[in-house]
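# Secondary and tertiary structure notes
So the chains spell out like this:
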Amino acid sequence: MKIVPLPAEQTAREKKARALKALSRGYNGCLLGFAIAAIACLIGLLIAVIMLETGDPAPERRSLLYLLTGCFAGGAVLFALASLLFGRAAQEAAKTHLDFLERCCGEECFFVGEGTIASFEDGALVIRPEKDFKKTIRIPYAEIKFHSVCTRSRPQERGTWSVVIEMPAHYVMKKGDSPRALVETDGKERLYRTLERRGLTLRGEKPPRGGEKRRNVRFRARTRFLLPDERRRRRSLISACVGIAVTVAGALVAIFWRDFMFIGILLSVFGVFFAIRSLIGFARARGMLAFYDEGIYWRESGRAESDRFFLKWEELIGVSVETIEGKNYIAAECDYGSYHIPEVVGALDYLKEFRPGLVRE
């Protein structure tokens, strides 16, 4: 993340903040544009290939189709790479913009939610809206715990660092089932220095400091337990059948009704795309619980990064079974909260043998 110098005058700060926000939006716009272009090139590639295989064009037209096939293939690769680069640039620009806004509020200010700032002051942490200094909540440091957390979406060493702030729930909510509330802010060197200056203890895994780079290591599973998602599988299978039917219908139109050949080819392209996407969804429609020498990994059926996590054994203080709305879950308990995993047959028995001191009856 780039650290942008903070101008002395307020008007200059506001102007710079607008410029950083515009840069972030610009990168996102380029990302969207290149992604759409890559998809369009893939569709064009499929159409060109199908026209080459199903038709009998004249030699000059066949040469044109070969040329278009090469152009579409190259364009799809180039636009996909460009969208990847602009996606990373957009993430960095967003982080830079948020860090600049934090420092405009103060060197010891950090976002703990959209438009909400946590400010470290003498004797207490002050939580307030970004632009409203009257609506404040003061929480004494003696009632707060700070947890260093590395969120890992894959079984590997690399992850996203953050600081989870644990406080009594009555400070931030009127009613709640839990006696404590948790808010999260990005882990950064400025925050770690602030905690040290204030004499506040940071619990949990030690984060990399001062530009330290740790080698990423991918862990190897000892055993895996699969949990098929029958509902999602049925839905994906029905969608795949629809896609295949559309593909066949489009092919028949292209073969027997030459006047509507292009429409038939277009239908076939979309049918193939829809069928392949559905079949991939069918293959992914299963959860997976895996145990490693380094920790425990859960992946929900689907592809979302937020539906998977890896926890090191050092983070866990216990594993137990909890019943929520009539369903049993394996609760992986950390010092700052619990992660709930649907109960998989045989998983808890294996864990009792693998890590006997961790399972709670």
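To be clear, the structure that these remarks concern was listed above.
In what follows, the accompanying structure is described. (Residues numbered from 1 in each chain as written. Predicted model: local features only at pLDDT ≥ 70, side-chain atom pairs only at ≥ 80, totals over all residues. Heavy atoms only, no water.)

## Notes on helix H6 (residues 347-354)
Stated formally: Note on classification: 1.4 Å probe, protein chains only; a residue is buried when its accessible area is under 20% of the maximum for its type, exposed when over 50%, partly exposed between these limits. Helix and strand definitions here come from DSSP, where helices need a minimum of 4 consecutive H or I residues and strands a minimum of 2 consecutive E residues; each element is numbered from the N-terminal end. This arc is built from the directions going out from the helix axis to the C-beta atoms. When checking whether two residues touch, look at their non-hydrogen atoms; a contact exists if any pair is within 4.5 Å.
For H6, the complete set of buried residues consists of Ala347, Leu348, Leu351 and Phe354. Relative to the axis of H6, the buried residues are bounded by an arc of 120° and lie together on one face. For H6, the elements touching its buried residues are strand E9 (221-228), strand E10 (286-292), strand E13 (316-324) and strand E14 (327-334).

## Considering the sheet that holds strand E4 (residues 137-140)
What counts here: Here a strand pair is declared whenever DSSP counts at least two bridges between the two strands. The convention used is that axes are lines fitted to C-alpha atoms, helices contributing only their stretch in contact, and that angles between N-to-C directions extend from 0 to 180 degrees.
With antiparallel pairing, four strands are arranged side by side in an open sheet as E1-E2-E3-E4. Two strands in the sheet have a free side with no partner beyond their single neighbour: strand E1 (109-113) and E4. Direction aside, the axes of adjacent strands within the sheet are offset by 30° on average. Direction of pairing for strand E3 (residues 124-129) relative to E4: antiparallel, over a ladder of four bridges. Of the residues in E4, the one forming a bridge with Ile127 is Ile137.

## Side note on the sheet that holds strand E11 (residues 295-299)
If you trace the four strands from one edge of the open sheet to the other, you get E9-E10-E11-E12, paired in antiparallel fashion. Each edge of the open sheet is held by one strand with a lone partner, namely E9 and strand E12 (308-312). The mean inter-strand angle of the sheet, taken between neighbouring strand axes irrespective of direction, is 10°. In this sheet, E12 lies alongside E11 in antiparallel orientation, the contact comprising five bridges. Looking at the pairing, Gly295 lines up with Lys312 of E12. Strands in contact with H6 are E9 and E10; relative to E10, the strand with the most contacts, it is inclined by about 10°.

## Overview of the nonpolar core
Spelled out, the test is: Among buried residues, the Ala, Val, Leu, Ile, Met, Phe, Trp, Tyr and Cys ones that are joined through side-chain atoms within 4.5 Å form a nonpolar core.
Core analysis: the biggest nonpolar cluster contains 24 residues, and Leu289, Phe291, Ile296, Leu311, Trp313 and Leu316 have the highest contact counts within it. Elements supplying a minimum of two residues to this core: E10, E11, E12, E13, E14 and H6. Ranked by residue count, the leading element in this core is H6, at four residues. Excluding anything up to four places from it in sequence, Trp313 contacts Phe291, Tyr292, Asp293, Glu294, Gly295, Ile296, Leu351, Phe354, Arg355 and Leu358. Residues Ile127, Trp161, Val163 and Val183 belong to the second largest nonpolar core, which totals 22 residues.

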